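# Summary of structural features
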Amino acid sequence: MPAPAKSVLPVVLLGCGGVGRYLLRHIVSCRPLHANQGVAIRVVGVADSSSLLVAEDVHSSGLDDALLNHLCAAKSAGSPLSSLLGQGHCQLFQNPEARSKVIDAATTLGRTTGLVLVDCSATYDTVNLLKDAVDHGCCIVLANKKPLTGAYEDFQKLVSNFHRIRFESTVGAGLPVIASVTRIIASGDPVSRVVGSLSGTLGYVMSELEDGKRFSEVVKTAKSLGYTEPDPRDDLGGMDVARKALILARLLGQQISMDNINVESLYPSELGPDAVSTEDFLESGLVQLDRSMEERAKAASSSGNVLRYVCEIGSAGCQVGLKEVPKDSALGRLRGSDNVVEIYSRCYESSPLVIQGAGAGNDTTAAGVLADVIDLQDLFQKTA
């Protein structure tokens, strides 16, 4: 019997940090599963911030799995992509030539076999590259939030061909938040409000405060567990949550920018990065916040509520910050580093659609990215 037809998805990966490396490992380890599903992912190029490693012939072959495993090990050890030359049939290009080579691949593959450009970086610098890829008919998968949270015109451009873009992992890692919102909207059921705890770090911190623990100690524990960024103020400032909120707000049709979002930082400007080093903030700055956080937690408790750091998107706009919520609500019951989102609409007005689960971590996020890539398979021609 002839071999069953399969969809071949050529992929160029932008960013081989934690999420990007996990994605490559998932692609390799899932080969048997995807073969049974009639799908083959062909990684034709991988780029970091300075260079691009690309297969010798992107039309007919990709970087082999042995090379991809070597790449993950090399980048984990801090080695450059150039260290992989000689490991397989590949070419290396340095910036700015690397960018033009990505465009070349997008031009040739986008209008023939198709191409998925996957952005697992953490920079705004990929926006123009992504827009060019859209013009050439490529599909886009994003874990990087920044291209969708810059100028509204960039957001419009990237989502203009909505069936060719996936960005589930920008909001809740592997949680189906974007898919749920878009399905509800597509059914003609208008979404009136979305409320979510979308930071695993801040979810953990807030739930620990309920037990009477000091804010400073909880943040330090969260850092030791790897929940926070190296500088916890990157989490405590709320900007990561604000970017996720902006993506959801724009998805709901709000033509707003970051400047339109009220973001409550959990530290004052006099304890900000421009005024205090990370070490001093951890040693002497955090304790200055203990009393005010304790007072707010007690005030919430006296009303039968708990504190949560949430984003709220509704007709009145978008707010990000501390909010008292009923202890027995989905947000109030949240413990640990899970994320939870409540979606309200005509059909889900009195009892919202609740999505909860792990919403952070390189492994979880990469799994969400891979699911988004596979979700595009129907756009690619099947070959024998």
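Above this text is the structure in question.
A brief look at the structure comes next.

Quick notes on the rules
Residues numbered from 1 in each chain as written. Predicted model: local features only at pLDDT ≥ 70, side-chain atom pairs only at ≥ 80, totals over all residues. Heavy atoms only, no water. Helix = DSSP H or I, 4+ residues; strand = E, 2+ residues; numbered from the N terminus. Buried < 20%, exposed > 50% of the residue type's maximum accessible area, 1.4 Å probe, protein only. Lys, Arg positive; Asp, Glu negative; His and termini not counted. Salt bridge = Lys/Arg side-chain N within 4 Å of Asp/Glu carboxyl O. Polar contact = N/O pair within 3.5 Å; in protein donor to acceptor, adjacent residues only side chain to side chain. Contact = heavy atoms within 4.5 Å. Pairing = 2+ DSSP bridges. Right-handed = clockwise from strand over helix to strand, strands pointing away.

### Re the side chain of Asp290
By the secondary structure assignment, Asp290 is in helix α14 (residues 290-302). Arg214 provides the closest opposite charge to the buried, unpaired Asp290, separated from it by 4.3 Å. Of the polar contacts made by the side chain of Asp290, one reaches the backbone nitrogen of Ser216; its length is 2.7 Å. Setting aside chain neighbours within four positions, we find Asp290 in contact with Arg214, Phe215 and Ser216.

### Description of the pairing of strand β1 (residues 6-14)
It is a general feature of regular strands that their side chains alternate between the two faces of the sheet. Buried residues dominate β1, accounting for 8 of its 9 residues. Judged from the 2 bridges that link them, β1 and strand β14 (residues 382-383) form a sheet pairing that is antiparallel. Of the residues in β14, the one forming a bridge with Lys6 is Thr383. The sheet contact formed by β1 and strand β2 (residues 39-47) spans 8 bridges and is parallel. In the sheet register, Pro10 faces β2, and the bridge partner there is Arg42.

### Remarks on the pairing of strand β5 (residues 116-119)
Burial along β5 is two-sided: the face carrying Val116 and Val118 and the face carrying Leu117 and Asp119 are both buried. Direction of pairing for β1 relative to β5: parallel, over a ladder of 4 bridges. Each bridged residue has a counterpart across the sheet, and for Leu14 the counterpart in β5 is Asp119. One ladder, built from 4 bridges, connects β5 with strand β6 (residues 139-142); its direction is parallel. Residue pairing across strands places Leu117 opposite Ile140, the latter belonging to β6. Running through helix α5 (residues 127-135), the crossover from β5 to the neighbouring parallel element β6 is right-handed.

These figures capture arrangement, not role.
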